[in-house]
Amino acid sequence: MDKSYSSATEADIYQSWEKSGAFTPKIDKTKKPYSIILPLPNANDPMHMGHALFTIQDILIRYHRMLGEPTLWLPGGDHAGIETQFVFEKKLQKEGKSRFDFDRQTLYDMIWEFVEKNRTLNQFQMKKLGFSMDWTRYHYSLETPIVKNVLATFKKLYRDGLVYRSEKIVNYCTHCGTAFSNLEVDYVDEVTNLYYMKYGPFILATTRPETKFGDTAVAVNPKDKRYTQYVGQEITVDGLNGPFKVKVIADDMVDMEFGTGVVKITPAHDPNDFDAGLRHHLEVKKVIGFDGRLNELAGKYAGLTVAKAREQVVADMQEKGMMVKIDSNYQHRIGRCYRCKHVIEPMVAPQWFVKMETLAKPAIAAAKNGDIKFFPSRFKKTYIDWMENIRDWNISRQIVWGPRIPVWYCLECNPRIKINFLDKDKNIVSGFYGDLKDKYSVDEIKNGLQSMMAPVDATFEVEETDHCAKCSSHALIQETDTFDTWFLSGQWPLSTLGFNTEDPSKSSPDFAYFYPTTVMDTLWDILFFWVARMTMFGLYLTKDVPFKTVHLHSRVVDAKGQKMSKSKGNVVDPLVMTEKYGTDALRFSLVYGIAPASDFVVSEDKIRAHRNFVNKIWNASRFVLMIIDKYPNTNISTTINFSKLNSDDKNILESLNKIIASTTTNIDKYHFGQASENLYQFFWHDFCDLYIENAKDRGEEVVPVLLTVLINSLKLLHPFIPFVTESVYQILREKMTLTEEQLITASWPKEIKFK
RNA sequence: GAGUCUAUAGCUCAGUUGGUUUAGAGCGCUUCAUUGACAUUGAAGAGGUCAGAGGUUCAAGUCCUCUUAGACUCACCA
């Protein structure tokens, strides 16, 4: 044995585990299975500390495998819709291109290839960290059967009346070119101007003077005596494009204390105003286009971006004496795109929604009655609160990277469908089908198709056919909106285990055996995005929860307590750390002394300290082997003669029994921090510093106790630091008879009776 | 506006249902040791009125209330 432990053999050890079939459980109906579905990483993402924290799952998996349970850890990769398209578009930008240079199919194919290159890298990195996943059951979110099943779910939701298309106000990012759900908007406190402007007989305060062209009312509080006389009347306002008329409405939404107690109502570009518009039957007048520029209704401001238009409008109003004052220190919250950080523009657009109330009900009940348990338990409240206030989910995204919504429109029946496509000369053409049909063939449109938008009342079919049921036309076109990524990943436990939405009786044996899975371990930041959606889909489709326990783990932050991100440049790369200190050292650092679901810092110091621990294990083992070699005639075994134990032996065996018991309960209770600390203390101090030191003065009678403690320690440590423990175990096997071939499948230690 | 969490040695943090810990670890610091498992070592040590105040209890870092400081989540305030 070398003088110190080298991590160079890790890859070989991993291979021998994989080859032996240890990662692949056999379905055994006499035994209760243990299963974890891996929170599928973005297939395009190189590994970061978040992935390294899957160590927690590996600990659970290895522990339960050693308990003899059929144990499944199912890995996967996510196409990660907007995330990936965003990264790809950045790459295009560097090459001087944009998404508008390609038809959607070409763009899709390019992204597909881009992801394929990185997908294997991601798997390789998981193996590097020693994760004992069943690679024979690996799934990628865009595999045909998985997509097929997801589409079947959409159709079922539609048939059950839980999917609808509606023109509501949605969160639209003009930079990404798509709408988002409420969860994808980050609200940021910002200081902006609050403009007080003349508005007919009023003065009113607004942050958005440029949307004035879309105003269709002005509102006051019904209790506000200052303005009672105007309510119900039509007033004339001097606009920059000439005078216009709006109605004065009374609505409780208006805060009398704020500004002047008068609000302009722009239903097309503000969520509150949109709702007010519904209450008062106001016209929705869109003045901002999906390109983020004002349209023709803005008169001479048409074509300007929102920011530019605001500047110009304010300047012009000041010149004309319409601006009363500007409060430049107004703090409020602005919605920004979680991806690109541009300001989210509330827009009215037809989108696909899922009705959530029906789906949320059983998911709330499952949390309340304990069908799903939360660890730490405080997340139960967070989860239930969110579910109880849930709003309908916008599942449509105007991007190409992802499965298209399985809905077909007949162009002949719906001539007002707006289409954007590249003609055969690669020029962008856009307009209503009815206006373009004489110039372009349906095939030319389909081949160059970039996107389409059907009016909200368009007719459609949810089954693909080659002709329209009404008019028999073959001019059918599939919805270009794709699914929100979470619509797919929300069904991940079902898809990967082979659940069949169309005919549940045809689901695979894996599904029957491993569903519901045992634990879902993930970071709390996707509790709503993912965990909540999986629960709802699981219950909706199978009447059963997808997992019995939700374990939320900690988040790794940098030394300043900030979230690690590439843009901040504060990322500690787990792979660099494994190269430097070995995988075991990194893994141990990720669980040693951490509290559940709180931020924690992983410093290089900490990893170095645990590299020393790993080395300590190596050298203690080396010493034990030296002792064995010292007594060549001794029968090398772990059989202890209990009548000949001295007090040292009894003490260490008693400590061993204690650590076996505490490690077992600590893992059962998800107290990984405590478990690892105790193991560290036991091995280094109780075993090495005390027992081994004293054993140096004793004879060959120490051999059985030394071996017993060492082998049991290796087993207890194996889930945490699999490589060094397996490595030592294999060396021991060369010296003595050990019936269990590998530590990974060896049995979990039990109390040793010696009294 | 609603909710959640955190505050323990110089630094980073453990301390699970209140009582064998006179409060622990790693890193750092001080002194000494060590040519045979390991300097990626061993022994000894310095360092904390467990944010502050009050309360419950035979007993509180651990439970309750308030105060202070900080972090986060959710929510449509023009």
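The structure this text deals with has already been given above.
A.B. asks: Could you give an account of the overall build of chain A, with specific residues and numbers?
C.D. replies: Counting secondary structure elements, chain A contains 23 helices and 28 strands. In terms of principal-axis extent, the alpha carbons of chain A reach across some 105 × 60 × 50 Å. When the 755 residues of chain A are sorted by exposure, 57% land in the buried category. If you take every contact in chain A between residues at least 6 apart in sequence, the share linking residues at least 24 apart comes to 78%. Total accessible area on chain A stands at roughly 33,100 Å², and carbon and sulfur atoms take up 50% of it.

A.B. asks: Which residues make up the nonpolar core, and what are the values?
C.D. replies: By size, the foremost hydrophobic cluster in this structure holds 117 residues, and its most contacted members are F687 and L732. Leave out the neighbours within four places in its chain, and L732 touches L625, L707, L710, I711, L714 and L738. Ranked by size, the runner-up nonpolar core spans 78 residues in total, among them V150, L411, W492 and M534.

A.B. asks: I'd like a rundown of the protein's contact with RNA strand B, residues and numbers included.
C.D. replies: Near RNA strand B you find 45 residues, and of these F258, N272, Y330, E677 and W684 are the closest. Within the contact set of RNA strand B, a base nitrogen lies 2.6 Å away from a backbone nitrogen or oxygen of D255. The separation between a base nitrogen of RNA strand B and a polar main-chain atom of F258 is 3.2 Å. Listing elements by their share of the surface near RNA strand B, those giving two or more residues are β8 (202–206), β13 (323–337), α10 (378–388), α19 (604–630) and α21 (672–695). Looking at the surface near RNA strand B, the element that brings in the most residues is α19, giving 11 residues. Counted by class, the surface near RNA strand B contains 18 nonpolar, 13 polar and 14 charged residues.

A.B. asks: Can you explain the pattern of salt bridges? Please cite residues and give values.
C.D. replies: The final tally for this structure, using the stated rule, is 36 salt bridges. As a salt-bridge pair, R62 and D58 come within 2.8 Å of each other at their nearest N and O atoms. Residue R62 and its partner D58 are both found in helix α3 (residues 55–66); the two are separated by 4 residues, about one turn of the helix. Of the two residues examined, R62 and D58, each falls in the buried class. Residues participating in the shared-partner salt-bridge network are R208, E210, R310 and E345.

A.B. asks: Any details on the sheet that holds strand β20 (residues 428–432)? Residues and values, ideally.
C.D. replies: With antiparallel pairing, 3 strands are arranged side by side in an open sheet as β20-β19-β21. A single partner strand is all that each edge strand has here, and the edge strands are β20 and β21 (449–453). Averaged over all pairs of adjacent strands, the angle between strand axes in this sheet comes to 10°, irrespective of strand direction. Sheet topology places strand β19 (residues 418–422) next to β21; 4 bridges connect them, and they run antiparallel.

Analysis parameters
Residues numbered from 1 in each chain as written. Chains lettered and ligands numbered in written order. Predicted model: local features only at pLDDT ≥ 70, side-chain atom pairs only at ≥ 80, totals over all residues. Heavy atoms only, no water. Helix = DSSP H or I, 4+ residues; strand = E, 2+ residues; numbered from the N terminus. Buried < 20%, exposed > 50% of the residue type's maximum accessible area, 1.4 Å probe, protein only. Contact = heavy atoms within 4.5 Å. Areas by Shrake-Rupley, 256 points an atom, 1.4 Å probe, with all protein chains shown as cover. Core = buried A, V, L, I, M, F, W, Y, C linked by side-chain atoms within 4.5 Å. Near = heavy atom within 4 Å. Polar contact = N/O pair within 3.5 Å; in protein donor to acceptor, adjacent residues only side chain to side chain. Nonpolar A, V, L, I, M, F, W, Y, C, P; charged D, E, K, R; others polar. Salt bridge = Lys/Arg side-chain N within 4 Å of Asp/Glu carboxyl O. Pairing = 2+ DSSP bridges. Axes fitted to C-alpha atoms, helices over the stretch in contact; angles between N-to-C directions.

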